[in-house]
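# Inside the fold
So you can see what is in the structure, the chains are spelled out below.
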Amino acid sequence: MKYLVAIARIIVGGLFIFSGFIKLNDPVGFSFKLTDYFAEDVLNMEFLSPYALGIAVCIVILEVILGVMTLLGYFKKPVLIMLLGLIVFFTFLTFYSAYFNKVTDCGCFGDFWKLTPWESFRKDVFLLVFIIILIIGRKHIKPLFSNKINLGITILSLLACILFGRHVLNHLPTFDFRPYKINANIMDGMSVPPDAPLPVFQYKWIFEVNGEEKEIVTNSANYPVVEGGTYVSVTSEILEEGYEPPIHDFSIESLEDGDVTEAMMAEEKLLVIVMYSLDKTEEAGLLKVKALTDRALKAGYKVIGLSSSDPQDLQDLATLMKYNFEFYLTDETALKTIIRSNPGALKLAKGTITDKAHYNDFESIKF
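Thresholds applied
Residues numbered from 1 in each chain as written. Predicted model: local features only at pLDDT ≥ 70, side-chain atom pairs only at ≥ 80, totals over all residues. Heavy atoms only, no water. Axes fitted to C-alpha atoms, helices over the stretch in contact; angles between N-to-C directions. Helix = DSSP H or I, 4+ residues; strand = E, 2+ residues; numbered from the N terminus. Parallel < 35°, antiparallel > 145°, perpendicular 65-115°, else oblique. Left-handed = near helix turned anticlockwise from the far one by under 90°. Contact = heavy atoms within 4.5 Å. Nonpolar A, V, L, I, M, F, W, Y, C, P; charged D, E, K, R; others polar. Expected span 1.5 Å × (residues − 1). Buried < 20%, exposed > 50% of the residue type's maximum accessible area, 1.4 Å probe, protein only. Phe/Tyr/Trp six-rings, centres within 6.5 Å; stacked < 30°, edge-to-face > 60°. Lys NZ or Arg CZ within 6 Å of the ring centre and 35° of its normal.

### Points about the packing of helix H4 (residues 76–100) against helix H5 (residues 117–136)
Their axes nearest at 8 Å, the elements H4 and H5 cross at an angle of 160°. Judged on the interaxial angle alone, H5 and H4 are roughly antiparallel. Considering how the two elements wind past one another, H4 and H5 form a crossing that is left-handed. Counting all contacts with H4, which are made through Leu80, Leu83, Leu84, Ile87, Val88, Phe90, Thr91, Thr94, Phe95, Ser97, Ala98 and Tyr99, the residues of H5 involved are Pro117, Trp118, Ser120, Phe121, Asp124, Val125, Leu127, Leu128, Ile131, Leu134 and Ile135. Here the contact of H4 with H5 is built from residues that sort into 18 nonpolar, four polar and one charged.

### Comments concerning helix H1 (residues 2–24)
Here H1 is 23 residues long and its end C-alpha atoms lie 32 Å apart, about the 33 Å a rise of 1.5 Å per residue gives. By the burial criterion, the buried members of H1 are Val5, Ala8, Arg9, Val12, Gly13, Phe16, Ser19, Gly20, Ile22, Lys23 and Leu24. Residues of H1 that are buried sit in contact with helix H2 (27–38), helix H3 (52–72), H4, H5 and helix H6 (147–170).

### Some thoughts on the packing of aromatic side chains
Under the definition given, this model contains 18 aromatic pairs. Arranged with centres 5.0 Å apart and planes meeting at 65°, the rings of tyrosine 301 and phenylalanine 367 form a pair that is edge-to-face. Note that tyrosine 301 is positioned in the loop between helix H9 (283–298) and strand E7 (302–307) and phenylalanine 367 in the segment after strand E10 (352–358), a separation of 66 residues in sequence. Here phenylalanine 367 falls in the partly exposed class, since its relative accessible area comes to 33%. Three or more aromatic residues link up through ring pairs in this structure, and these residues are Phe201, Tyr203, Trp205, Phe207 and Tyr231. Here lysine 336 stacks its cationic end above the ring of phenylalanine 32, 4.6 Å away from the centre of that ring.

### Points about the packing of H3 against H6
Interhelical geometry of H3 versus H6 gives an angle of 150° and a closest axis separation of 10 Å. When the axes of H3 and H6 are compared, the pair comes out roughly antiparallel. Seen from above, H3 lies across H6 with right-handed handedness. Residue-level inspection shows Leu53, Val57, Ile61, Val64, Ile65, Val68, Met69 and Leu72 of H3 in contact with H6, the latter providing Asn150, Ile153, Thr154, Ser157, Leu158, Cys161, Ile162 and Leu169.

### Quick notes on the environment of proline 199
Looking at the element boundaries, proline 199 is found in the loop between helix H7 (186–190) and strand E1 (200–209). Residue class for proline 199 comes out partly exposed when judged on its relative accessible area of 37%. Spatially, the C-alpha atoms of proline 199 and valine 129 are 35 Å apart, while their sequence positions differ by 70 residues.

Okay, here's the thing in structure tokens:
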């Protein structure tokens, strides 16, 4: 039993540290995922949405510290209780998401490793089993070091988490696993290879034949011929997911010219200011935008703004702040994915991201 407990201790401690650190690298992204869970049509806990970032930071730091304390064998009883509570909560969330198809990505490993809802649920069940093993065999969990050393390691781990979390919140994630990382080409990320697998659908057609309903199942959307039958309804179901490019929800829309994505991505010198929502934009960042864009314009760059906010509100902001660039419309989710700063900035050359910066680091962008 003691060997099984030792293996479970390494697996549980290691996975909690890894999962927590990956999310601590991008707590803003994890807070967006929590907001999805808090939505009215999921858990109906929208009153928690304003506190999503704080909750996200606390959860990921707790994950890391519990993982560290599990490996150390320090305060094993309260640690095991908290591990069990966390994994039961996560298992419920992932099952709820998978069964009701509410949140299609739990964000368990951030953007580093995408899991389907059912994969996330199975991962949590896997962890739950090992945590139960630890609880049953807790007498075999021995501290690695003395209490003083274990306490010192735990405190240092907590301080490191706080400092690292503070850094990424005031700048950008240290490790960028998203398709909009530096050196990525946006148009390439949107392309679909010619041999990419297509989604496989199943269609269920309902016809009324001689006063009774008859179901016809096909693998194409072509209208089936049923002699003497009257069409009632049709439903479709995806049997196999097709290829989805890394970037699939990005576009740049102009009220006057429509979709101008390709034209903008062809620009040799382009600076993009991202403000996904004016309601949530940091005032300190707004004050820094003009200095950056003035430098870019002077260096011969085309400057545009991307937002999902009301065009009139954007125009009013531009007039108030004396911005010398035009705003275009883009999906809010895409903008949140592009950069974890509101506002944030990207420098591009023919669609390739050559630099990106949090508003605290605008001065680091060189032209």
